[in-house]
Amino acid sequence: MVDKTLLELQLSEMEMLSSMFPDENEFKIDDPASVHEIREYIDGTVTFTPKQISFTLNITVELQNLNTVVTLLCGFPRGYPECVPKVFIRSQQLSREEQKHVNAELSDYLTGLDRGELCINQCIEWIQENIGKYITVQQSLQDKQINTHATKDKMFSRLWVHSHHIYHIVKRKNIVEWAQELELSGFSLPGKPGIICVEGESKSVSEFWTRIKHLNWKKITMKQRDDVAIETDDNLDKLRRFDKFEEKDFDVQSFGHGRDYHMNWGLVFTFLESHQCGDMFKTLLGIEGKMTKGQ
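No experiment lies behind these values; they were computed from the predicted model shown.

A. Geometry of the overall build of the protein. Within the protein, the regular secondary structure consists of ten helices and eleven strands. With 295 residues in all, the protein has 43% of them scored as buried. Sequence separation of at least 24 residues holds for 66% of the intrachain contacts in the protein that already meet a minimum separation of 6. As presented, the protein carries roughly 16,000 Å² of accessible surface, and 47% of it is formed by carbon and sulfur atoms.

Right under this line is the structure:
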């Protein structure tokens, strides 16, 4: 007889993954009937042993500012999470030897976790944090521009970031505090989607990006980075388009679903225009900006 408590835990993890990866191109159950059979088995509707759950996750990881898709093939033994799940990583960017190595390392990591605890989310985090050690990505022109501060005396940079959403209060606090600590100016827009702009000395901008991209995001993307060589700190400040870093909100509208709120994007566009950044509206959101009526 299969332990129904373990099956309930498996279903709860599937629900969590469905909420984290709502796009069918990101998360796909190999045989949806397996989930239905498990539910019926738990309810007592059927007595036969249900099929085991297996699924595919396509995880987008940014490496050297290029988005790389890593595929995680996963299967739940009937005893999971009391036993280790079956997982396998593959990617077009991995050589056969690299693939063998990363899967061995991931297996060791999962084996070392406490049994009885759901671990696919930890598996995803491990991939996001470690896959860069195994994949060699061709450096793009943008990467070369980003790294030019290593050969210049000093660089000014402005970085634009788009996130699926920014809600969590701790994450929002980190964004503001890190920008201020690194003496960066710019702004953040919480909500869905979330927008961040930071500007200042290039090495500080790079440090800020390194910190925030390692937070737990549904999806976060560097949309654009501009680098300019400078000679003095005075020149750096002259290039700034924002006086300080702060979290902004523009006529936030709530739709009655807890955190589901959105900015007045007409006011956002006006704000960007006033800071000579109106062209970034389409880059960030994919639509032409329009000022709110009456402005």
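B. Molecular detail of the pairing of strand S5 (residues 155-163). Along S5, nine of the nine residues are buried, which leaves the element largely enclosed by surrounding structure. A two-sided burial pattern is seen for S5, the buried positions comprising Met155, Ser157, Leu159, Val161 and Ser163 on one face and Phe156, Arg158, Trp160 and His162 on the other. Direction of pairing for S5 relative to strand S8 (residues 220-229): antiparallel, over a ladder of nine bridges. Within the sheet, the bridge partner assigned to Met155 lies in S8 and is Ala229. Where S5 and strand S7 (residues 194-201) come together, eight bridges link them in antiparallel fashion.

C. The pattern of salt bridges, seen in detail. Considering all chains together, one arrives at eleven salt bridges under this definition. For Glu199, the salt bridge is made with Arg158, and the minimal N-O distance between the two is 2.8 Å. Within this pair, whereas Glu199 is found in strand S7, its partner Arg158 is found in strand S5, the two being separated by 41 residues in sequence. Glu199 sits in the buried class, given a relative accessible area of 0%. Asp227 is paired through a salt bridge with Arg225; the nearest N and O atoms lie 3.1 Å apart. With relative accessibility at 22%, the residue Asp227 sits in the partly exposed group. Through salt bridges with shared partners, a single network forms among Asp31, Glu37 and Lys51.

D. Focus on unusual backbone geometry. Along the chain, Tyr80 connects to Pro81 via a cis peptide bond; the corresponding omega equals 15°. On the secondary structure map, Pro81 appears in the loop between strand S3 (66-75) and strand S4 (86-90). Put simply, Lys192 and Pro193 share a cis peptide bond, and its omega is -5°. Relative to the helices and strands, Pro193 resides in the loop between strand S6 (185-189) and S7.

E. Main features of helix H4 (residues 120-130). Those residues of H4 lying buried are Ile120, Cys123, Ile124, Trp126, Ile127 and Asn130. Buried residues along H4 cover an arc of 160° about the axis, so they all sit on one side. Buried residues along H4 sit in contact with helix H1 (4-20), strand S2 (54-63), S3, S4 and helix H3 (96-111).

F. A look at the nonpolar core. Judged by nonpolar contacts, the single largest core of 38 residues is most densely connected at Phe55, Leu57, Ile89, Ile120, Ile127 and Ile131. Within the residue set of this core, elements represented by two or more residues are H1, helix H2 (32-43), S2, S3, H3 and H4. Membership of the second largest hydrophobic core comes to 19 residues, among which are Ile166, Ala179, Val205 and Phe208.

G. A look at the packing of H1 against H4. Viewed as axis vectors pointing N to C, H1 and H4 meet at an angle of 40°, and their least axial separation amounts to 10 Å. When the interaxial angle is binned, H1 and H4 end up oblique. Facing Glu13, Met16, Leu17 and Met20 of H1, the residues of H4 in contact are Ile120, Asn121 and Ile124.

H. The arrangement of the environment of Asp3 in detail. Looking at the secondary structure, you find Asp3 in the segment before H1. Asp3 sits 39 residues away from Ile42 along the chain, and the two C-alpha atoms are 9.2 Å apart.

Procedures and definitions
Residues numbered from 1 in each chain as written. Predicted model: local features only at pLDDT ≥ 70, side-chain atom pairs only at ≥ 80, totals over all residues. Heavy atoms only, no water. Helix = DSSP H or I, 4+ residues; strand = E, 2+ residues; numbered from the N terminus. Buried < 20%, exposed > 50% of the residue type's maximum accessible area, 1.4 Å probe, protein only. Contact = heavy atoms within 4.5 Å. Areas by Shrake-Rupley, 256 points an atom, 1.4 Å probe, with all protein chains shown as cover. Pairing = 2+ DSSP bridges. Salt bridge = Lys/Arg side-chain N within 4 Å of Asp/Glu carboxyl O. Arc of directions from axis to C-beta. Core = buried A, V, L, I, M, F, W, Y, C linked by side-chain atoms within 4.5 Å. Axes fitted to C-alpha atoms, helices over the stretch in contact; angles between N-to-C directions. Parallel < 35°, antiparallel > 145°, perpendicular 65-115°, else oblique.

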